[in-house]
Amino acid sequence: MLVLLVEDDRDLAASVLEYLEAEGFEADYAGDGDTAWQRLQATSYDALVLDLGLPRRDGLDLCQSLRAAGIATPCLMLTARDRLDDKLAGFAAGADDYLIKPFALAELTARLRALGLRHRHRQDLDIAELHLDLARRQASRGGRALELGAKEWQLLVELARASPAVLSREQLEDRLWPDGPPSENAFKMVVYRLRLALDTEGESPLLHTLRGQGFALRPGERP
Ligand code: CA
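About the cut-offs
- Residues numbered from 1 in each chain as written.
- Predicted model: local features only at pLDDT ≥ 70, side-chain atom pairs only at ≥ 80, totals over all residues.
- Heavy atoms only, no water.
- Domains from an automatic or database assignment.
- Contact = heavy atoms within 4.5 Å.
- Buried area = accessible area lost by both parts, 1.4 Å probe.
- Salt bridge = Lys/Arg side-chain N within 4 Å of Asp/Glu carboxyl O.
- Polar contact = N/O pair within 3.5 Å; in protein donor to acceptor, adjacent residues only side chain to side chain.
- Nonpolar A, V, L, I, M, F, W, Y, C, P; charged D, E, K, R; others polar.
- 1 Å grid on protein atoms, 1.4 Å probe; cavity = no way out; pocket = protein on both sides within 12 Å on 5 of 7 lines; lining within 4 Å.
- Points joined across faces, edges and corners; volume = space filled by probe spheres on them.
- Helix = DSSP H or I, 4+ residues; strand = E, 2+ residues; numbered from the N terminus.
- Donors = N, O, S within 2.8 Å, 3.2 Å for Na, K, Ca; no water.
- Buried < 20%, exposed > 50% of the residue type's maximum accessible area, 1.4 Å probe, protein only.

Trainee: Looking at this structure, I do not really get the domain arrangement of the chain. What am I missing?
Mentor: Where the parts come together, the accessible area they lose is often given as the size of the interface. By the assigned domains, the chain splits into domain 1 (2-120) and domain 2 (124-217). Between the C-alpha centres of domain 1 and domain 2 the distance comes to 29 Å. Of the residues lining the interface, seven residues belong to domain 1; the matching set on domain 2 comes to eight residues. For the pair domain 1 and domain 2, the two sides together bury roughly 460 Å², of which 53% comes from carbon and sulfur. Run the count over domain 1 and domain 2 and you get zero salt bridges. Counting across the interface, domain 1 meets domain 2 through zero residue pairs in polar contact (both at pLDDT 80 or more). Here the residues of the side of domain 1 that touches domain 2 are counted per class, giving three nonpolar, four polar and no charged.

Trainee: Would you take a moment to explain empty space enclosed by the protein for this structure?
Mentor: Regions of empty space are outlined by a rolling probe, equal in size to a water molecule, passed over the atoms. The final tally for this structure, using the stated rule, is one cavity of 30 Å³ or more. Within this model, the largest cavity holds a volume of roughly 50 Å³. In this structure, the largest cavity is lined by Met-77, Thr-79, Asp-86, Lys-87, Gly-90, Phe-91, Ala-95, Asp-97 and Tyr-98. If you list the elements that add at least two residues to the lining of the largest cavity, you get β4 (75-80), α4 (86-92) and β5 (97-101). The element best represented in the lining of the largest cavity is α4, accounting for four residues.

Trainee: Looking at this structure, I do not really get the coordination of the calcium ion. What am I missing?
Mentor: When a metal carries six donors in an octahedron, the ideal angles between them are 90 or 180 degrees, while four donors in a tetrahedron ideally lie at 109.5 degrees. Protein ligation of the calcium ion involves Asp-8 (OD), Asp-51 (OD) and Gly-53 (O), the donor distances falling in the range 2.1 to 2.4 Å. Mapped onto the sequence, the residues coordinating the calcium ion show the spacing D-x42-D-x1-G. A relative accessible area of 5% means that Asp-51 is categorised as buried.

Trainee: Please explain the pattern of salt bridges as it appears in this structure.
Mentor: Two side chains carrying opposite charge are able to pair once their charged atoms lie near each other. Counting across every chain of the model gives 17 salt bridges. As a salt-bridge pair, Asp-97 and Arg-111 come within 3.0 Å of each other at their nearest N and O atoms. Remark: Arg-111 occurs in helix α5 (residues 105-120) and Asp-97 occurs in strand β5; sequence separation between them is 14 residues. Note on Arg-111: relative accessible area 24%, which makes it partly exposed. Each of the salt bridges in this network shares a partner with another, and the network as a whole consists of Glu-129, Arg-141, Arg-144, Asp-199 and Glu-203.

The structure is reproduced here in structure tokens:
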């Protein structure tokens, strides 16, 4: 499981990273809120460990921006005991769990595993006004049901699971056609039909083509 640790206390961060790696986690690190935001735009993490007090952009602000952008990465907030009231604000901002400093490293990893499992088994995916009901295999955008063929549905789920990260055409083709693509144009047609169903006129596009990189599902303007 891939975790992003956002913590400006470098000594604490170093010991947390070392422990995470020893416990079999993969971990990235950001020392401030802006760096964390950039990493979260580029990579799909299984969980986020977020210090509340950070330079430039604090943990609450970051968490709020994430949820507003439709990024559902589970978030465990770290807070000092004298800022315990902030935990309530943390939950309002979209945090899933919290730990009071100082904490036992074993407790951190136990909570991360629980958060990651809950996230993975979630039956719904939401990206901005797009809603995917995985159990029923239904997608809707702002209440409008999307009519999707089997391949378009599969493409949408792959992109939604990875969101906001980019998946390359090769990665997507491998997942949609494990035995090799049936024809030169098959992938293009699936992307075309998904885009037609998903992004209608007047709506801001959710499906983005990033030249030379691949495809991403994310709210906001075309990058
Ligand atoms: Ca701090």
